[in-house]
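So you can see what is in the structure, the chains are spelled out below.
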Amino acid sequence: MAGRKRVAYRKRVQNRFSMFLVTLVVVLILILVQMGSLELQRKIDVKATEAASLEAQIAAELEREQEIINFGKEVQTKGYIENVAREKLGLVYEDEILFKQKE
């Protein structure tokens, strides 16, 4: 009977040690998963910030595109062409008299 008690005691100690090892491995795996999760969350936050920045750039470029389209339409008007011809080129109509002030 003493032999059976020793074998049972050894098995119980081995079972406790095995359970400790299994628990330790599970805890280590959980720690590693949590660390990986935190790293992924940090990357997600960085990418979200980049995405917001890019969205703002897209909005600015769309506004700029609209300004260019409007300027293109304005440049094609007769009034704009006349103003540029008068101011930059100094042109006048044939029947127009130009008065210049002495400086």
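Quick look at the structure, then. (Residues numbered from 1 in each chain as written. Predicted model: local features only at pLDDT ≥ 70, side-chain atom pairs only at ≥ 80, totals over all residues. Heavy atoms only, no water.)

## Quick look at the overall build of the protein
Inference 1: Assigned secondary structure in the protein consists of two helices and zero strands.
Inference 2: Rg of the C-alpha trace for the protein: 41 Å, well past the compact-globule value of 13 Å for 103 residues, more than 25% over.
Inference 3: Taken along the three principal axes of its C-alpha coordinates, the protein extends 135 × 30 × 10 Å.
Inference 4: By the burial criterion, 1% of the 103 residues in the protein qualify as buried.
Inference 5: Working note: accessible area of the protein is about 10300 Å², and carbon and sulfur atoms make up 62% of it.
Inference 6: Between the averaged position of the 17 positive side-chain charges in the protein and that of its 15 negative side-chain charges there is a distance of 37 Å. (Helix = DSSP H or I, 4+ residues; strand = E, 2+ residues; numbered from the N terminus. Rg over C-alpha atoms; globule rule 2.2 N^0.38 Å. Buried < 20%, exposed > 50% of the residue type's maximum accessible area, 1.4 Å probe, protein only. Areas by Shrake-Rupley, 256 points an atom, 1.4 Å probe, with all protein chains shown as cover. Lys, Arg positive; Asp, Glu negative; His and termini not counted. Charge placed at Lys NZ, Arg CZ, Asp CG, Glu CD.)

## Things to note about a nonpolar patch on the surface
Inference 1: A cluster of nonpolar side chains, namely F17, F20, L21, L24, V27, L28, I31, L32 and M35, defines an oily patch on the protein surface of about 870 Å² accessible area.
Inference 2: Inspection of the secondary structure assignment puts F20 in helix α1 (residues 2-75). (Patch = residues over 30% accessible without salt bridge, like charges linked within 9 Å, V, L, I, M, F, W, Y side chains within 5 Å. Salt bridge = Lys/Arg side-chain N within 4 Å of Asp/Glu carboxyl O.)

## A short note on the packing of aromatic side chains
Inference 1: A complete count under the given rule lists one aromatic pair for this structure.
Inference 2: Centroid distance F71 to Y80: 6.1 Å. Interplanar angle 80°. Geometry classified as edge-to-face. (Phe/Tyr/Trp six-rings, centres within 6.5 Å; stacked < 30°, edge-to-face > 60°.)

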